[in-house]
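Listed below, chain by chain, are the residues.
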Amino acid sequence: ENPEVPRMIIREILAREDDAREMIREIKGNAPMPMPNTFLDFIQSGVDSNMFRDINAKQTLISIIGMSLMYFIGKPFFEEVLEIDNKNETAFLNEREASIIDLLKYGVMKRSDHVDDK
């Protein structure tokens with residue numbers, strides 16, 4: 001809903017790393033539940049239940065965040081280099097969401113076809 005927020009947050013983190021760390025600590029201290037742990041626990045429970053391959057939960061979470069934010073952070077770059085038409089951004093973002101889900105589903109889920117990785 002606010003596509004400029006990720007760029008603003010990254011800009012602040014890069015410009016004032018120490019302030020950003022302090023703000024993050026404060027937000028974490030006041031959160032009703034430890035949010036990153038919720039996601040990490042979800043990923044780890046998928047590994048433990050044999051639904052997901054044996055993946056590193058922290059690395060996977062970083063990848064999910066990166067896939068979700070990178071378009072917004074590099075929007076001018078992607079629009080120019082990949083010639084993305086921003087007139088229909090809603091359709092593009094819906095496609096982006098489906099693409100991320102597809103990649104996660106078939107790149108994280110255990111393979112049932114027993115194809116050897118090459």
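Because the structure is a prediction, the values reported are computed rather than measured.

### Comments concerning the environment of Glu 89
- Summarising the element assignment, Glu 89 is placed in helix H6 (residues 89–108).
- Setting aside chain neighbours within four positions, we find Glu 89 in contact with Tyr 71 and Lys 75.

### Observations concerning the pattern of salt bridges
- Here the structure, examined in full by the defined rule, presents four salt bridges.
- Between Arg 25 and Glu 22 there is a salt bridge, and its shortest N-O distance comes to 3.6 Å. Here the residue Arg 25 and the residue Glu 22 both occupy positions in helix H2 (residues 17–30), the gap between them amounting to three residues, near one helical turn.
- Glu 22 gets classed as partly exposed once you look at its relative accessible area, which sits at 47%.
- In this structure, Glu 89 and Lys 75 form a salt bridge, with 2.9 Å as the shortest nitrogen-oxygen distance. Of this pair, Glu 89 sits in helix H6 while Lys 75 sits in helix H5 (residues 75–81), and the two are 14 residues apart along the sequence. With respect to class, Glu 89 is no different from Lys 75; both count as buried.

### Overview of the packing of aromatic side chains
- Applying the stated rule across the entire model yields four aromatic pairs.
- For the pair Phe 42 and Phe 52, a centre-to-centre distance of 6.0 Å together with 75 degrees between the ring planes defines the contact as edge-to-face. Placement of Phe 42 in helix H3 (residues 35–48) and of Phe 52 in the loop between H3 and helix H4 (57–73) is noted, with a sequence separation of 10 residues between them.
- With relative accessibility at 54%, the residue Phe 42 sits in the exposed group.
- Site record: aromatic cluster; members linked through ring pairs are Tyr 71, Phe 72 and Phe 92.

Cut-offs used in this document
- Residues numbered from 1 in each chain as written.
- Predicted model: local features only at pLDDT ≥ 70, side-chain atom pairs only at ≥ 80, totals over all residues.
- Heavy atoms only, no water.
- Helix = DSSP H or I, 4+ residues; strand = E, 2+ residues; numbered from the N terminus.
- Contact = heavy atoms within 4.5 Å.
- Salt bridge = Lys/Arg side-chain N within 4 Å of Asp/Glu carboxyl O.
- Buried < 20%, exposed > 50% of the residue type's maximum accessible area, 1.4 Å probe, protein only.
- Phe/Tyr/Trp six-rings, centres within 6.5 Å; stacked < 30°, edge-to-face > 60°.

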